[in-house]
Amino acid sequence: MWSIIILIFLSIVSYLLTDELIPKIKNLFINAGLFGIDLCKVSKEKIPEAIGVVSGCVFLVTIFMFIPIVFGNDLMDRGNFPHNEFAELLAALLSICCMLLLGFADDVLNLKWRYKLLLPTVASLPLLVVYYVNFNSTTFIVPIPLRHFFGNSVNIGFLYYIYMGMLAVFCTNAINILAGINGLEVGQSAIIAMSIIIFDIIELRGDQFKAHSFSLHIMIPYLATTLALLKHNWYPSKVFVGDTFCYVSGMTFAVVAILSHFSKTVLLFFLPQIINFVYSVPQLFHIIPCPRHRLPKYSAETDLLYPSKTVILKKDMNMLHKYILQVLTLFRLVDKQEDDGCIVINNMTLINLFLIKLGPMSEVRLTSSLLVFQILCTCIAFIVRYPMASYFY
Ligand code: UD1
Ligand code: MG
């Protein structure tokens, strides 16, 4: 209990430190060539990019300082020191730290998409090794309706490690592709972090109390530094967070999901990101042309955002294109116009879908609507996790 109070105090300090550091340090980023142009504004001023490295470093340092506090009593009694719990925390920090470095490399070097998939896989290896040594539980509890076919539980062995590696790849990239308007990457991450913290607090009284206090030790400082970053990234953004922030966030969520054994619940909190990923699949796999930026189109005359478009040439169309367009049209998920020799459709992101369904709107209203949807999905996740789970488990 005392350790959590100290952690909250350290996290408040980390919030204040991040908030203070960002404006002081941002010119260094511009001077180093690390800046971007806000594509949804008239002004073409340089906005520092990759500022997620500042919040990420403060977050890591806060946990480093917390280590002697959480293991304080055990340090006195070295004979009974909990080496496995210590290894878990160190592996978590190593994976997040690795992702911070790789994310920063991505922001500086603008890596290709294939490397974006490879980086989190590599960074999750320390985590998987510790999981293997400490738990090595690769068993899934089968939902009641399926028990007739598979029995009470299924051991999927090595596939479980592949699942966990893929979870890290998904969490990091899913946040990075639901992005492009001020405050969205950070806002969604803050809501997911709050959802995990609420879930941990509810579960602290249960028999998994150690796993949930481990999760709290990571999520509380993460949330504090993220909120400080949000203050500067909210509309109109004075800083961009870069892929560094998306990678650090995704890996932080993957770390708690894996080591605290609630990956299915974390995936429930990722519902908007899952919808955005599934909707994006035809463009991510380049079946439908995918431009460098899919963020909405800004009109200076109206100061509103409109869905951005991609063009499919009719001569390049095959059966797969036709099938995808038919399904999307059937479910009214696409805005399609036929032109001479080409078909123009919206870029397939949840952000553009909101603009199609709700009409053009200002950037700040669009971010707020998407964040309200994220909160709504958290509520659905809790309904599925609690009242409904008893029907399945
Ligand atoms: C991902 C998306 C891309 C989206 C971009 C926006 C996919 C496959 N990729 O690419 O469609 O356009 O994120 O982040 O879905 N920017 C703004 N306003 C913001 C945030 C970013 O204008 O609020 C622009 C800035 O020019 C900034 C750039 O986006 O420099 C950052 O893009 P980057 O993170 O490098 O794009 P990706 O992650 O590769
Ligand atoms: Mg990005």
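Everything numeric here is computed off the predicted structure, so don't read it as measured data.

Observations concerning the overall build of the protein
Tallying secondary structure elements over the protein gives 17 helices and nine strands in all. Counting every position in the protein, which comprises 393 residues, the buried fraction comes to 50%. A fraction of 74% describes how many contacts in the protein between residues 6 or more apart in sequence connect residues 24 or more apart. Total accessible area computed for the protein in this model is approximately 19,300 Å², and 68% of it derives from carbon and sulfur atoms. Each charge class in the protein was averaged separately, 27 positive and 24 negative side chains, and the resulting centres sit 5 Å apart.

Brief notes about the site of ligand 1
Taken together, 20 residues surround ligand 1, and among them I37, E49, N176, H293 and R294 come closest. Contacts to ligand 1 include I37, whose backbone N or O atom sits 2.7 Å from an oxygen atom. Considering ligand 1 on its own, with 730 Å² of exposed area, one finds that the protein chains cover 93% of that surface. One can see that ligand 1 is located within the largest pocket.

Notes on the pattern of salt bridges
Scanning the model with the defined rule gives 10 salt bridges in all. K41 is the partner of E363 in a salt bridge, and the nearest nitrogen-oxygen pair spans 2.6 Å. Here the residue E363 occupies a position in helix α16 (residues 363–385), and K41 occupies one in the loop between β1 (35–37) and β2 (46–48), the gap between them amounting to 322 residues. One exposure class covers both E363 and K41, and it is buried.

Here's the deal with the coordination of the magnesium ion (ligand 2)
Here the magnesium ion (ligand 2) is held by N176 (OD1) and D243 (OD), and the distances to it run 2.1 Å. One end of the pair, N176, is in helix α8 (residues 158–177); the other, D243, is in helix α11 (residues 242–259), and 67 residues separate them in sequence. As far as burial versus exposure is concerned, N176 and D243 are alike and both buried.

Things to note about the layout of surface pockets
Put simply, the largest pocket is a space of about 1,400 Å³. Along the wall of the largest pocket there are 48 residues; nearest its centre are W113, K116, N176, D243 and R292. Listed by contribution, the elements that provide at least two residues to the lining of the largest pocket are β1, α4 (83–109), α5 (113–123), α8, α11 and α13 (271–284). Its residues assigned to classes, the lining of the largest pocket shows 23 nonpolar, 15 polar and 10 charged.

Thoughts on the confidence of the model for the protein
Within the protein, residue pLDDT values average 93, and 100% of them lie at 70 or more. Under the prediction, the complex receives an ipTM of 0.98, its pTM being 0.96.

Considering the nonpolar core
I196, I218 and F253 are the most contacted members of the largest nonpolar core, which has 76 residues in total. Among the elements that make up this core, the one with the highest residue count is α11 (12 residues). The residues contacting F253, other than those within four sequence positions of it, are I175, S189, I192, A193, I196, M219, Y222, V266 and F270.

Considering the side chain of K41
For K41, a relative accessible area of 15% gives the class buried. Only 2.6 Å separates the side chain of K41 from the side chain of E363, close enough to count as a polar contact. Excluding anything up to four places from it in sequence, K41 contacts N182, Y235, P236, Y298 and E363.

Considering the sheet that holds strand β9 (residues 342–346)
Think of a sheet as strands paired side by side through backbone hydrogen bonds, with each pair either parallel or antiparallel. Pairing is antiparallel in the open sheet, where three strands are placed in the order β7-β9-β8. In the strand order of this sheet, the two ends are held by β7 (309–313) and β8 (336–339), each with one partner. Strand-to-strand, the axes of this sheet are offset by a mean angle of 25 degrees, without reference to chain direction. By the bridge criterion, five bridges tie β7 to β9 in an arrangement that is antiparallel. From the neighbouring strand, I312 faces β9, where its bridge partner is I343.

Basis of the calculations
Residues numbered from 1 in each chain as written. Chains lettered and ligands numbered in written order. Predicted model: local features only at pLDDT ≥ 70, side-chain atom pairs only at ≥ 80, totals over all residues. Heavy atoms only, no water. Helix = DSSP H or I, 4+ residues; strand = E, 2+ residues; numbered from the N terminus. Buried < 20%, exposed > 50% of the residue type's maximum accessible area, 1.4 Å probe, protein only. Contact = heavy atoms within 4.5 Å. Areas by Shrake-Rupley, 256 points an atom, 1.4 Å probe, with all protein chains shown as cover. Lys, Arg positive; Asp, Glu negative; His and termini not counted. Charge placed at Lys NZ, Arg CZ, Asp CG, Glu CD. Near = heavy atom within 4 Å. Polar contact = N/O pair within 3.5 Å; in protein donor to acceptor, adjacent residues only side chain to side chain. 1 Å grid on protein atoms, 1.4 Å probe; cavity = no way out; pocket = protein on both sides within 12 Å on 5 of 7 lines; lining within 4 Å. Sits in = over half its atoms within 2 Å of the grid points. Salt bridge = Lys/Arg side-chain N within 4 Å of Asp/Glu carboxyl O. Donors = N, O, S within 2.8 Å, 3.2 Å for Na, K, Ca; no water. Points joined across faces, edges and corners; volume = space filled by probe spheres on them. Nonpolar A, V, L, I, M, F, W, Y, C, P; charged D, E, K, R; others polar. pLDDT = per-residue confidence, 0-100. Core = buried A, V, L, I, M, F, W, Y, C linked by side-chain atoms within 4.5 Å. Pairing = 2+ DSSP bridges. Axes fitted to C-alpha atoms, helices over the stretch in contact; angles between N-to-C directions.

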